[in-house]
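Overview (structure and organization)
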Amino acid sequence: MDIFYPIQILADWLTYVVFGIIPGTLLAGAVNFFIFDTIKIFLLLLVIIFSVSLIRSFLPPEKIRNILSHEKKYFGNILASLLGIITPFCTCSAIPLFLGFLEAGVPLGTTFSFLVASPMINEVALVLLLGLFGWKIALLYIASGLAIAIISGIIIGHLKVENLVEEFAYKSKSNGRLQLPEMDWKQRTDYAKNYTADIIKKVWIYVVVGIGIGAWIHGYVPADFLARYAGSGKWYAVPLAVLVGIPLYSNAAGVIPLVGVLTEKGVSIGTSLAFMMAVTGLSLPEFLILKKVMKTKLILIFAGIVGMGIIFTGYLFNFILGH
Amino acid sequence: MDIKILGTGCPNCQRLEQNTKQALEELKIEAVVEKVTDIQDIIGYGIMSTPALVVDGNVLLAGMVPSVNDIKEKIENYIK
C-alpha cells in the first residue's frame, strides 16, 4: 500500500468537501494536486532533514577531513562522494571546506569529489525527488550523482593541476586550539531540530510556489504538450537544460517541483535529471567564490568535467528510458 | 575574556554575533567581541564550517548558530 494514501484521502476531503469543488474539473485536479503534494513534501522534509542532520552530528566536516586525509586514491574518491551526501553545502562553506581539506593533506582529486557530491546530492533535493518522482528516480539521481562526483574527482586527480590552486591553500597556519566537545543526545536532537527548522524556513516559500505553479500546469496544460520541444528525440534538449540550470542554484527547492510536472507533460526523464543536476551541482555563485582559492582555469576544468558528466547522464537516461 | 566570531559575513555569522553578545550581557561578562573574516585566519583555527565561536583561542563551537541559552551554557562551562 502507498504510505501516502492517508494524505490523498485528506486532500480529497479538503478539495471536494471543504472547498466544494466539483470532482473531475480542471480546477479540482489542480487544487487536489497542490494540497496532496504540499503536505507530502513538508512531511518528508521534516522526517528526512531531521534524520540526516542527526547522522551528521556524528560526522562534522572536521571529522570527515581526518578520515579522508588517510584514504588512498579511488577509495578516497568513493568515500568522499558518499560523505558528501550527508554534508550540507551552502556556497559560503565552499572555501573553508576546500582549504581545510587541502591543508590536512586530503588529495585534490578527493577534495573535488566531495565538492561535487556535497551540493548535488543534498537532502532537500532528495526529499523533492522522492516525493514528486518516486524512489526509483531518486535512486537514479543519487547513483548518477555519485558516479559523476567519483569520476570527476579521479580525473582532476590525474590531471596534476595542483599548481592551479592558490599557494596559500597549502600553507598551514595555526591560530588556536580546536577542542569541539562531543555532543550528547540532547544536543544532537537539538541540533537536528534547529537545522530542520532553519532549512524549512529557508525553502518553504520556493517549495510552495514551485508546487503551486506545478499544480496549475498539472491541471491546465495538456499532457505531452512539451514532448514536441523537449522529448527524448531532441538532441539539444539536454545541453540546453544544463545551461539553463546553472544560474538557478538558490531556487533548487522551487525548481524541482516544476520539473516534476514538466516531466509529466512530455519532457524526457534524462533531460529532467540533467536539468536538476545542473541546478544543484553547477552553481555560478559557488564558482565566483572559488576564484579566491583557485585559478579560473581550474574552475573551468571543474565545471567542464562535471558539466560533461551531467550531459552524458542526461543522454544516457533519455536513451535507456526514452519514451 | 577574548571572544572571536569566525565567519565570512554570512547571515548566520551575524546571528551568532548577536546571540553571543546577548549571552555575555546576561552573564554580565565584560569581553571584547571581535569578528574574524579573513578566510586564512579562519582556517588557522582548524575549523571547516562557519560560523564558529572562539574564546581565548579555544574553539567552542563551529558550523551552527546556537540559542542564547546554549551559548551561555558553553561559556559558563568554559569558565569552570
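Note: the structure precedes this text.
Just so we're clear, the structure is a prediction, and the values are computed from it rather than from any experiment.

**Considering the overall build of chain A**
- Scanning chain A from N- to C-terminus turns up 15 helices and one strand.
- Compactness check: chain A gives a C-alpha radius of gyration of 21 Å against a globular reference of 20 Å for 323 residues, within 12% of the reference.
- Taking the principal axes of the C-alpha coordinates as reference, chain A spans close to 70 × 50 × 30 Å.
- Sorting the 323 residues of chain A into buried and exposed places 45% on the buried side.

**Some thoughts on the overall build of chain B**
- Along its length, chain B carries three helices and four strands.
- Secondary structure elements of chain B occur, N-terminal to C-terminal, as β-α-β-α-β-β-α.
- On C-alpha atoms alone, chain B measures out to a radius of gyration of 11 Å, which is about the 12 Å that the 2.2 N^0.38 rule sets for 80 residues.
- For the C-alpha atoms alone, the extent of chain B along its principal axes is close to 30 × 25 × 20 Å.
- When each of the 80 residues of chain B is scored for burial, the buried share is 41%.

**Description of the interface of chain B and chain A**
- Listed by partner, the interface residues are 22 residues for chain B and 23 residues for chain A.
- When contributions to the side of chain B that touches chain A are tallied by element, the ones reaching two or more residues are α2 (39-43) and β4 (58-62) of chain B.
- The element best represented in the side of chain B that touches chain A is α2 of chain B, accounting for five residues.
- Its residues assigned to classes, the side of chain B that touches chain A shows twelve nonpolar, nine polar and one charged.

**So, the packing of helix α7 (residues 123-133) of chain A against helix α8 (residues 135-159) of chain A**
Residues and elements named next belong to chain A.
- Here α7 crosses α8 at 145°, and the two axes come no closer than 7 Å. Contacts from L126, L129, L130 and F133 of α7 reach α8 at W135, I137, A138 and Y141.
- Of the residues in the contact of α7 with α8, the class split is eight nonpolar, no polar and no charged.

**Some points on the pairing of strand β1 (residues 2-6) of chain B**
All names here are of chain B.
- Counting buried residues in β1 gives four out of five residues, a clear majority hidden from the surface.
- Two elements, β1 and strand β2 (residues 32-36), share five bridges in a ladder whose sense is parallel. Bridge pairing links L6 to V36 in β2.
- Read as a crossover between parallel neighbours, the route from β1 over helix α1 (residues 11-27) to β2 is right-handed.
- Across four bridges, the pairing between β1 and strand β3 (residues 52-55) is antiparallel. Looking at β3, one finds that I5 is bridged to L53.

**A look at the nonpolar core**
- The biggest cluster of nonpolar side chains holds 103 residues, and the ones touching the most others in it are A125, L129, I256, A274 and A278 of chain A together with A52 of chain B.
- For this core, the element with the highest residue contribution is helix α2 (residues 26-56) of chain A, accounting for ten residues.
- With near-sequence residues (within four places) excluded, L129 of chain A lies in contact with I137, A138, Y141 and I256 of chain A.

**Thoughts on unusual backbone geometry**
- Of note in the backbone geometry, K160 of chain A takes a positive phi value of approximately 55° without being a glycine.
- For K160 of chain A, a count of 10 C-beta atoms within 10 Å puts it in the exposed group.
- The phi torsion at D56 of chain B lies on the positive side, around 50°, for a residue other than glycine.
- Inspection of the secondary structure puts D56 of chain B in the loop between β3 and β4.

**Some remarks on the packing of helix α4 (residues 75-86) of chain A against α8 of chain A**
All names here are of chain A.
- Running from amino to carboxyl end, α4 crosses α8 at an angle of 135°, the nearest separation of the two axes being 9 Å. As judged from the angle between their axes, α4 and α8 are oblique. Classified by chirality, the crossing of α8 by α4 is right-handed. Mapping the contact onto sequence places N77, I78, A80, S81 and G84 in α4 and L146, A149, I150, G153 and I154 in α8.
- Of the residues in the contact of α4 with α8, the class split is six nonpolar, four polar and no charged.

Basis of the calculations
- Residues numbered from 1 in each chain as written.
- Chains lettered and ligands numbered in written order.
- Predicted model: local features only at pLDDT ≥ 70, side-chain atom pairs only at ≥ 80, totals over all residues.
- Helix = DSSP H or I, 4+ residues; strand = E, 2+ residues; numbered from the N terminus.
- Rg over C-alpha atoms; globule rule 2.2 N^0.38 Å.
- Buried ≥ 20, exposed ≤ 12 C-beta atoms within 10 Å, placed from the backbone.
- Contact = placed C-beta atoms within 7 Å.
- Nonpolar A, V, L, I, M, F, W, Y, C, P; charged D, E, K, R; others polar.
- Axes fitted to C-alpha atoms, helices over the stretch in contact; angles between N-to-C directions.
- Pairing = 2+ DSSP bridges.
- Right-handed = clockwise from strand over helix to strand, strands pointing away.
- Core = buried A, V, L, I, M, F, W, Y, C linked by C-beta atoms within 7 Å.
- Parallel < 35°, antiparallel > 145°, perpendicular 65-115°, else oblique.
- Left-handed = near helix turned anticlockwise from the far one by under 90°.

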